[in-house]
Amino acid sequence: MLKKEVLYIRKQFKLDHEKLQIYDILNVYIMKDSNEIYHYERQPFELLDREKQELHMGNFKKLLTGELDQKLFELKLHEEAENPTRILLHQGLVTGDTEEWQDLMLLLVEKMLADTKYERDTVVTFVRGQYYKPTKARNDEAEESENNEMFASPFILGSVNSTEQPRKTLLFDYVEREFKYNVIVDPIIKLSTPEQGFFYPSVTDGYSDVNRILYCSGKANDPNQHFIEEVLNAEKTVTALEERSIFEEIVKEVAEDQLDASMIASVYEEIHQVIETHEEEEPPKLDYKDIERMLTVSGVENVTEEKVERAFQTIVDDKNYEFKASSVVPKFNSKSIKITTKVATISVSPQDLKYVKQVNYQGKKSILIELDEDVVIEGFTLNTETL
């Protein structure tokens, strides 16, 4: 699934959007004390009060917000599990029976409750509907509307939201002219901060892929692996943060003690170049041959294909492992690299890392930064010392 495909889907989640139809909504309330379904309620989405529709739309849009491999993860669904979720979701996707769809979603909730204890009362929301995509790109010269030819993609979206108790407040009654204590005890469903959820099916090459699902995490680089493997019966995922850590370990294993800031900057520039020049739809990936080439070009000595292959085998136990290029390089055009010392934290972009050096000055380790202008601190321009 590509970033542009996620953006297209998320953009449709607006009330009265001509390219989105939501048919039914099912809300399931789980009690933390009993860890059981306390209540569930299904109804046509269009029969909800407009205020409720807006709250749910905001929740769905929030769920689908984030970077791929950080908050959003496309996962392959397995079939070998007992009562596999892929079958439940696919049946729910194709059935025209609203009762059957409800029963299938309740079975999914039962899987959630099987061996998980929830710390708070939790609400699981399911909706089913379809969104529309143009069958071909818009032709401005022929003045064709992208709405002329559309195809419908049915979907099921699930959102898991925790609850919280309302805050104790003091109110003023204008009619009685007196102060009153707020006695509301109904829990608040935190629709603005979904814990996790999913969008099924995922999209491959512009078409729905019923063998894959988009898992949505509430926090960046913190997917719920138990939910992924035991509830969704999907493959275990690796976050962008974990991939970057693995990549760094392999580079350190190969380069040993040779690395300096300019070499690291060169490696990042090589990866950025791969991303920028990649012409295929699927995001570019890096194997051990790519890493060997990049380290050699960046000035690391004694790098061989066999040495890098051995490092892959040692760190990830798979010499054929491939990194997503976008996962291992920090954001290239922003100050995404933090240099932290006990004295200060310095932020630089990957492309400017080459201007930073660690030097030995008067017997002490120091950071040397090449500058094109004077340094101004709190309005004061520093004097330039000659060492």
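Residues numbered from 1 in each chain as written. Predicted model: local features only at pLDDT ≥ 70, side-chain atom pairs only at ≥ 80, totals over all residues. Heavy atoms only, no water.

K.L.:
Where do I start with the environment of L63 in this structure?
P.N.:
By the secondary structure assignment, L63 is in helix 2 (residues 50-63). The class of L63 is buried, set by a relative accessible area of 3%. Along the chain, L63 and G158 lie 95 residues apart, while their C-alpha atoms are 9.3 Å from each other. With residues near it in sequence (within four places) discarded, L63 still touches L72, L157, G158, S159, P194, Q196, G197, F198 and C216. (Helix = DSSP H or I, 4+ residues; strand = E, 2+ residues; numbered from the N terminus. Buried < 20%, exposed > 50% of the residue type's maximum accessible area, 1.4 Å probe, protein only. Contact = heavy atoms within 4.5 Å.)

K.L.:
Can you help me understand the pairing of strand 12 (residues 212-217) in this one?
P.N.:
Residues in a regular strand point their side chains to alternate faces of the sheet. Counting buried positions along strand 12 gives five out of six residues, so the element sits mostly inside the fold. Looking at chain direction, strand 3 (residues 72-76) and strand 12 are connected through five bridges and run antiparallel. Bridge assignment links L75 to a residue of strand 12, and that residue is I213. As defined by bridge partners, strand 9 (residues 196-200) adjoins strand 12 across four bridges and the pair is classed as antiparallel. The residue bridging G197 from the neighbouring strand is C216, located in strand 12. (Pairing = 2+ DSSP bridges.)

K.L.:
Teacher, can you tell me more about the pattern of salt bridges here?
P.N.:
Side-chain pairing between opposite charges can occur once the charged atoms of the two side chains come close. Counted under the stated rule, the structure contains 14 salt bridges. Residues K180 and D173 are paired through a salt bridge, measuring 2.8 Å at the closest nitrogen-oxygen approach. When its relative accessible area of 35% is taken as the criterion, K180 is described as partly exposed. Overall, the relative accessible area of 18% leaves D173 in the buried class. With a closest N to O distance of 3.6 Å, R212 and D209 form a salt bridge. For R212, a relative accessible area of 28% translates into the label partly exposed. (Salt bridge = Lys/Arg side-chain N within 4 Å of Asp/Glu carboxyl O.)

K.L.:
Looking at this model, I keep getting lost on a negative patch on the surface. Mind explaining?
P.N.:
On the surface, D205, E279, E280 and E282 cluster together to form a negatively charged patch. Structurally, the position occupied by E280 is in the loop between helix 7 (261-277) and strand 13 (285-286). (Patch = residues over 30% accessible without salt bridge, like charges linked within 9 Å, V, L, I, M, F, W, Y side chains within 5 Å. Areas by Shrake-Rupley, 256 points an atom, 1.4 Å probe, with all protein chains shown as cover. Lys, Arg positive; Asp, Glu negative; His and termini not counted. Charge placed at Lys NZ, Arg CZ, Asp CG, Glu CD.)

K.L.:
What's the story with the packing of helix 6 (residues 240-255) against helix 9 (residues 305-316) in this structure? I'm lost.
P.N.:
The description of two packed helices rests on the angle between their axes and on the distance between the axes. Between helix 6 and helix 9, the least distance of the axes is 9 Å, while the angle of their chain directions is 135°. Taken together, helix 6 and helix 9 sit at an angle that is classed as oblique. Taken as a pair, helix 6 and helix 9 cross one another with a handedness that is right-handed. Here I246, E249, I250, E253 and V254 of helix 6 come into contact with helix 9, specifically with K307, V308, A311, F312, I315 and V316. Its residues assigned to classes, the contact of helix 6 with helix 9 comprises eight nonpolar, no polar and three charged. (Axes fitted to C-alpha atoms, helices over the stretch in contact; angles between N-to-C directions. Parallel < 35°, antiparallel > 145°, perpendicular 65-115°, else oblique. Left-handed = near helix turned anticlockwise from the far one by under 90°. Nonpolar A, V, L, I, M, F, W, Y, C, P; charged D, E, K, R; others polar.)

K.L.:
It is not clear to me how helix 2 should be interpreted in this structure. Could you clarify?
P.N.:
Since the α-helix packs 3.6 residues into each turn, any two residues three or four apart lie on the same face. Counted at 1.5 Å a residue, the expected span for helix 2 with its 14 residues is 20 Å, and the 20 Å between its end C-alpha atoms agrees. Every buried residue of helix 2 is listed here: Q53, H56, M57, N59, F60 and L63. Seen from one end, helix 2 has its buried residues packed into an arc of 160°, which puts them on one side. Turned more than 90 degrees away from the buried face of helix 2, the exposed residues are E51 and L55. On its buried face, helix 2 sits against strand 1 (20-31), strand 3, strand 4 (122-134), strand 5 (150-164), strand 9 and strand 12. (Expected span 1.5 Å × (residues − 1). Arc of directions from axis to C-beta.)

K.L.:
Sorry if this is basic, but what is going on with the packing of aromatic side chains here?
P.N.:
This model, assessed by the stated rule, comprises 16 aromatic pairs. Judged by centre distance (6.4 Å) and plane angle (65°), the rings of Y29 and Y38 are edge-to-face. Under the relative-accessibility criterion, Y38 is labelled exposed at 61%. When the ring of Y131 is compared with that of F199, the centres are 6.2 Å apart and the planes differ by 45°; the resulting orientation is tilted. Of this pair, Y131 sits in strand 4 while F199 sits in strand 9, and the two are 68 residues apart along the sequence. Look at F199 and you get buried, because its relative accessible area is 0%. One aromatic cluster is present, formed by F13, F60, Y131, F155 and F199 through successive ring pairs. Here the guanidinium or amino end of K133 rests over the ring plane of Y8, the centre of that ring lying 5.6 Å away. (Phe/Tyr/Trp six-rings, centres within 6.5 Å; stacked < 30°, edge-to-face > 60°. Lys NZ or Arg CZ within 6 Å of the ring centre and 35° of its normal.)

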